[in-house]
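Here is what each chain is made of, one letter per residue.
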Amino acid sequence: MNSRERVRLALQHQEPDKIPLDLGSAPVTGMHVQSVYRLRQALGLDEPGTPVKIIDPFQNLGEIKPDLADALGVDVVGIWPRKGLFGFENTGWKEWEAFDGTPVLVPEGYNTEPEPNGDILMYPEGDKSVPPSGQMPAGGWYFDALIRQPPIDDDNLNVEDNLEEFGPLDEADLQHFEREINRVYEETDKAILVNIGGTAFGDIALVPATWLRHPKGIRDVEEWYVSLLTRQDYIIEVFDRQSQIALENLQKLYEVAGNRIDILYMTGTDFGGQQQPLISPRVYKKVFQPFHKRLNDWIHANTTWKTFMHTDGSLMPLIPHFIEAGFDILNPVQWTAQNMDPCEIKSRFGADLTFWGAGIDTQKTLPFGTPDEVRAEVIARIRDFAPGGGFVFASVHNIQPMVPVENLLALYETFNEHRNYA
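Below is a short write-up of the structure. (Residues numbered from 1 in each chain as written. Predicted model: local features only at pLDDT ≥ 70, side-chain atom pairs only at ≥ 80, totals over all residues. Heavy atoms only, no water.)

**A word on the overall build of the protein chain**
Link 1 in the chain: For the protein chain, the helix and strand inventory stands at twelve helices and 14 strands.
Link 2 in the chain: Radius of gyration (C-alpha) of the protein chain: 21 Å, near the 22 Å computed for a compact globule of 422 residues.
Link 3 in the chain: Out of the 422 residues in the protein chain, the part that is buried amounts to 56%.
Link 4 in the chain: Expressed as a percentage of contacts within the protein chain between residues at least 6 apart in sequence, the contacts between residues at least 24 apart total 73%.
Link 5 in the chain: Of the side chains in the protein chain, 36 bear a positive and 63 a negative charge, and the two mean positions are spaced by 3 Å. (Helix = DSSP H or I, 4+ residues; strand = E, 2+ residues; numbered from the N terminus. Rg over C-alpha atoms; globule rule 2.2 N^0.38 Å. Buried < 20%, exposed > 50% of the residue type's maximum accessible area, 1.4 Å probe, protein only. Contact = heavy atoms within 4.5 Å. Lys, Arg positive; Asp, Glu negative; His and termini not counted. Charge placed at Lys NZ, Arg CZ, Asp CG, Glu CD.)

What follows is the structure, given as structure tokens:
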């Protein structure tokens, strides 16, 4: 059984020959570039000092090249939008050195010139003539979005201002997706996960619009969350218009890709905190569910794609409504959050959802535990989620920097020792 067959069978809630593995197919299943570099060194894939590409400049995620994917047994390849969260393409690679000394390659739009205090500022589309939209503090690992909120005049709020980034896919975008989907489909046996952008409603990482030179509308994180209640009609109108654009883009994507796509990354909007959901089921059903369902219904009526939903945190009261909205996949299954018992999640929702993630706690166990603790947790999560299929193994969100390489090796060695169903 090859990787594509393995993933497809798992998504049909059947047990394939092995539990499928994902690393790096989505912006929430990746690995920080420092950890990628250290893992590649430990596996003997590179000579010391060989740089690793940063493919997500916002989170500084490292490229999972085919040799690393093969060494670990990864089954999924991700195809991302042509431009990243700062609005420039991953082209024109140049050498740089991260604060800790990790050798990396960054796109030409990535600013590598520090400020006098050592901070790195990032600019929308690499344009230094406009205010910066991201900041990585001296010695830091990631960029924080800089809030560029113009004064809000509630009497003159214009829905168009919060729709500026949700336009139709242009010819260059479509050529990019068609070329990359065909390449992966024809040259590999991996399952294909595609993220076209524009299908997530209210993803807080996107609200500040770090790729726009002069964002308008509601762009402050706190203001956006408050607006879910205080400006609810406005938000619903934004989502309604956005969903119409998204449907047109999904049709265009299907025309160039057909059913060569296995999974569509739909949304990264977080609905859960560590202790409880961030919104009530009532607000989810009124503000978000109609538009999630609109897109999911179109996909299920017109394609064989499965739809992927990412949301962290404590979600138990919301999960039935995610199922009603038509999602096929829930990621990352943060079982360490309050009221997220793995066995209960599997027993209650395993017939309806594929659980993508859950494999190792990236907040405590992986960075701070021992290799033996990592091994024990991997085995426990396989035991909880693998029976009956409907499970793709990945970490609980992206693997962070400064993880002991012994723990990274323990993670993947243990998984591969216990991934067979037979």
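**A few points about helix H9 (residues 342-349)**
Link 1 in the chain: For H9, every residue scored as buried is listed here: Pro-342, Ile-345, Lys-346 and Phe-349. Down the axis of H9, the buried side of the element spans an arc of 105°, and every buried residue falls inside it.
Link 2 in the chain: Capping the start of H9, Asp-341 holds a side-chain oxygen 3.2 Å from the backbone nitrogen of Cys-343, two or three residues further along. (Arc of directions from axis to C-beta. Polar contact = N/O pair within 3.5 Å; in protein donor to acceptor, adjacent residues only side chain to side chain.)

**A closer look at the packing of aromatic side chains**
Link 1 in the chain: Using the criterion set out here, one finds 21 aromatic pairs in the structure.
Link 2 in the chain: Pairwise contacts between aromatic rings join Phe-201, Trp-224, Phe-239, Phe-271, Tyr-284, Phe-288, Phe-291 and Phe-322 into one cluster.
Link 3 in the chain: In this structure, Arg-381 is placed above the aromatic ring of Trp-335, and the distance from its NZ or CZ to the ring centre is 4.2 Å. (Phe/Tyr/Trp six-rings, centres within 6.5 Å; stacked < 30°, edge-to-face > 60°. Lys NZ or Arg CZ within 6 Å of the ring centre and 35° of its normal.)

**A few points about the pairing of strand E13 (residues 354-358)**
Link 1 in the chain: Burial analysis of E13 places five of its five residues in the buried class, the great majority of the element.
Link 2 in the chain: Note: strand E12 (residues 329-331) against E13, two bridges, orientation parallel. When the sheet's bridge partners are listed, Leu-330 is paired in E13 with Phe-355.
Link 3 in the chain: Of the crossover connections in this fold, the one passing from E12 over H9 to the parallel E13 is right-handed. (Pairing = 2+ DSSP bridges. Right-handed = clockwise from strand over helix to strand, strands pointing away.)

**So, the sheet that holds strand E8 (residues 144-145)**
Link 1 in the chain: Here three strands make up an open sheet; going across it, the order is E6-E7-E8 and the pairing antiparallel. In this open sheet, the two edge strands, each paired with only one partner strand, are strand E6 (120-122) and E8.
Link 2 in the chain: Here strand E7 (residues 134-136) pairs with E8 via two bridges, running antiparallel. Opposite Gly-134, over in E8, you have Ala-145 as the bridge partner.

**What to know about the packing of H9 against helix H11 (residues 371-385)**
Link 1 in the chain: Where H9 contacts H11, the two axes come as close as 9 Å, and the packing angle between them is 25°. Judged by the angle between their axes, H9 and H11 are roughly parallel. The interaxial crossing formed by H9 with H11 has right-handed handedness. Between H9 and H11, the contacting residues are Pro-342, Cys-343, Ile-345 and Lys-346 on the first element and Arg-381, Asp-384 and Phe-385 on the second.
Link 2 in the chain: Classifying every residue of the contact of H9 with H11 gives four nonpolar, no polar and three charged. (Axes fitted to C-alpha atoms, helices over the stretch in contact; angles between N-to-C directions. Parallel < 35°, antiparallel > 145°, perpendicular 65-115°, else oblique. Left-handed = near helix turned anticlockwise from the far one by under 90°. Nonpolar A, V, L, I, M, F, W, Y, C, P; charged D, E, K, R; others polar.)

**Section: empty space enclosed by the protein**
Link 1 in the chain: The full count for this structure, using the stated rule, is five cavities of 30 Å³ or more.
Link 2 in the chain: Roughly 110 Å³ of internal volume is contained in the largest cavity.
Link 3 in the chain: Lining the largest cavity are 14 residues, with Glu-165, Phe-166, Gly-202, Val-207 and Trp-224 positioned closest to its centre.
Link 4 in the chain: Sorting elements by how many residues they give to the lining of the largest cavity places helix H6 (residues 232-257) first, with three residues.
Link 5 in the chain: Here the lining of the largest cavity is built from residues that sort into eight nonpolar, three polar and three charged. (1 Å grid on protein atoms, 1.4 Å probe; cavity = no way out; pocket = protein on both sides within 12 Å on 5 of 7 lines; lining within 4 Å. Points joined across faces, edges and corners; volume = space filled by probe spheres on them.)

**Quick look at the pairing of strand E1 (residues 52-56)**
Link 1 in the chain: Note: E1 against strand E5 (residues 103-106), two bridges, orientation parallel. Opposite Val-52, over in E5, you have Val-104 as the bridge partner.
Link 2 in the chain: Counted between consecutive antiparallel strands, the loop separating E1 from strand E2 (residues 61-62) contains four residues, among which Asn-60 sits at a positive phi close to 55°.

**Section: the environment of Pro-124**
Link 1 in the chain: Its place among the elements puts Pro-124 in the loop between E6 and E7.
Link 2 in the chain: With 200 residues separating them along the chain, Pro-124 and Glu-324 place their C-alpha atoms 37 Å apart.
Link 3 in the chain: In contact with Pro-124, not counting residues within four places along its chain, are Phe-86, Val-130, Pro-131, Ser-133, Arg-148, Thr-210, Trp-211, Leu-212 and Arg-213.

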